[in-house]
Amino acid sequence: MTALINRLERLNEWVGYAVAWLTVAMVIVTTTIVIERYWFSTGSIRLQESVTYMHAAVLMLAAAYTLTTGGHVRVDIIYSTLSQRGKAWVDLLGTCFLLMPFCFLLIWYSWDYVAVSWQISESSQEANGLPFPFPALMKSFIPAAASLLLLQGVVIVSRSVTQLKNIPAEQ
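Computed from a prediction, not measured in an experiment: that's the story for all the values here.

### Let's talk about the layout of surface pockets
Here's step 1: Reported here for the largest pocket is a volume of approximately 700 Å³.
Here's step 2: Breaking the lining of the largest pocket down by element, the ones donating at least two residues are helix 3 (63-68), helix 4 (76-79), helix 5 (84-119) and helix 6 (134-166).
Here's step 3: Looking at the lining of the largest pocket, its residues break down into 13 nonpolar, ten polar and four charged.
Here's step 4: Together, L22, S50, Y53, M54, A57, L130, F134, L137, M138 and F141 line the second largest pocket.
Here's step 5: Broken down by secondary-structure element, the contributors of at least two residues to the lining of the second largest pocket are helix 2 (45-61) and helix 6.
Here's step 6: Looking at the lining of the second largest pocket residue by residue, the classes come out as nine nonpolar, one polar and no charged.

### Some thoughts on the state of the cysteines
Here's step 1: Scanning the entire structure with this criterion turns up zero disulfides.
Here's step 2: Unpaired in this structure, C96 has its nearest cysteine sulfur neighbour in C103, at a distance of 12 Å.
Here's step 3: Assessed through its relative accessible area of 30%, C96 is described here as partly exposed.
Here's step 4: Take C103: its relative accessible area is 0%, and that puts it in the buried class.

### So, the packing of aromatic side chains
Here's step 1: The final tally for this structure, using the stated rule, is two aromatic pairs.
Here's step 2: Residues Y17 and Y65 carry aromatic rings whose centres are separated by 5.4 Å and whose planes lie at 55° to one another, so their mutual orientation is tilted. Separated by 48 residues along the polypeptide, Y17 in helix 1 (residues 2-39) and Y65 in helix 3 bring together distant segments of the chain.
Here's step 3: Judged by centre distance (5.6 Å) and plane angle (85°), the rings of W118 and F132 are edge-to-face. Here W118, found in helix 5, pairs with F132, found in the loop between helix 5 and helix 6; they are 14 residues apart in sequence, far enough to count as distant.

### Topic: helix 2
Turn by turn, an α-helix covers 3.6 residues, leaving residues three or four places apart pointing in a common direction.
Here's step 1: In this model, helix 2 (17 residues) spans 24 Å end to end at C-alpha, consistent with the 24 Å of a helix rising 1.5 Å per residue.
Here's step 2: Buried residues along helix 2 sit in contact with helix 1, helix 3 and helix 6.

### Some details on the environment of I5
Here's step 1: Tracing the chain through its elements places I5 in helix 1.
Here's step 2: What makes I5 buried here is its relative accessible area of 4%.
Here's step 3: Sequence-wise, I5 and L151 are 146 residues apart; in three dimensions their C-alpha atoms are separated by 9.0 Å.
Here's step 4: With residues up to four places along the chain from it excluded, the contact list for I5 reads V154, V155, S158 and R159.

Cut-off values and rules
- Residues numbered from 1 in each chain as written.
- Predicted model: local features only at pLDDT ≥ 70, side-chain atom pairs only at ≥ 80, totals over all residues.
- Heavy atoms only, no water.
- 1 Å grid on protein atoms, 1.4 Å probe; cavity = no way out; pocket = protein on both sides within 12 Å on 5 of 7 lines; lining within 4 Å.
- Points joined across faces, edges and corners; volume = space filled by probe spheres on them.
- Helix = DSSP H or I, 4+ residues; strand = E, 2+ residues; numbered from the N terminus.
- Nonpolar A, V, L, I, M, F, W, Y, C, P; charged D, E, K, R; others polar.
- Disulfide = S-S within 2.5 Å.
- Buried < 20%, exposed > 50% of the residue type's maximum accessible area, 1.4 Å probe, protein only.
- Phe/Tyr/Trp six-rings, centres within 6.5 Å; stacked < 30°, edge-to-face > 60°.
- Expected span 1.5 Å × (residues − 1).
- Contact = heavy atoms within 4.5 Å.

Quick look at the structure:
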């Protein structure tokens, strides 16, 4: 079981590292847009849209990685004063009653939204925008992000239960 939990966490770490490279691509593309606009008095809708899509991909797909590394905002004033056992309970209950239901709802409500986008071969609303499948692919990141967060939730629940079993009750 520990090996599976470690693999799930490594998956989220790998996705986080992979999408981090999109930030480099965003800098390069944004620089290109600025050079085109101010030096050559031209522009590209496709490049501008690609920056938006890359930004959205980074934000959505790196959410689980951020959770893996403990980078999400929490009320540390309270959490930091808790014992190890208390922290394990907060992680367990918060994951089971907040994170996981949110992820299930996000997957449920985004599924049709994404499916319709693929069915109609949605492309950019701009005349020279990105063609199919970029908008549909971007919408697919919504349930993908929720699924990655859900997998990280399984990791957190597993680790919290293990901690609760191994920490004496008085701590």
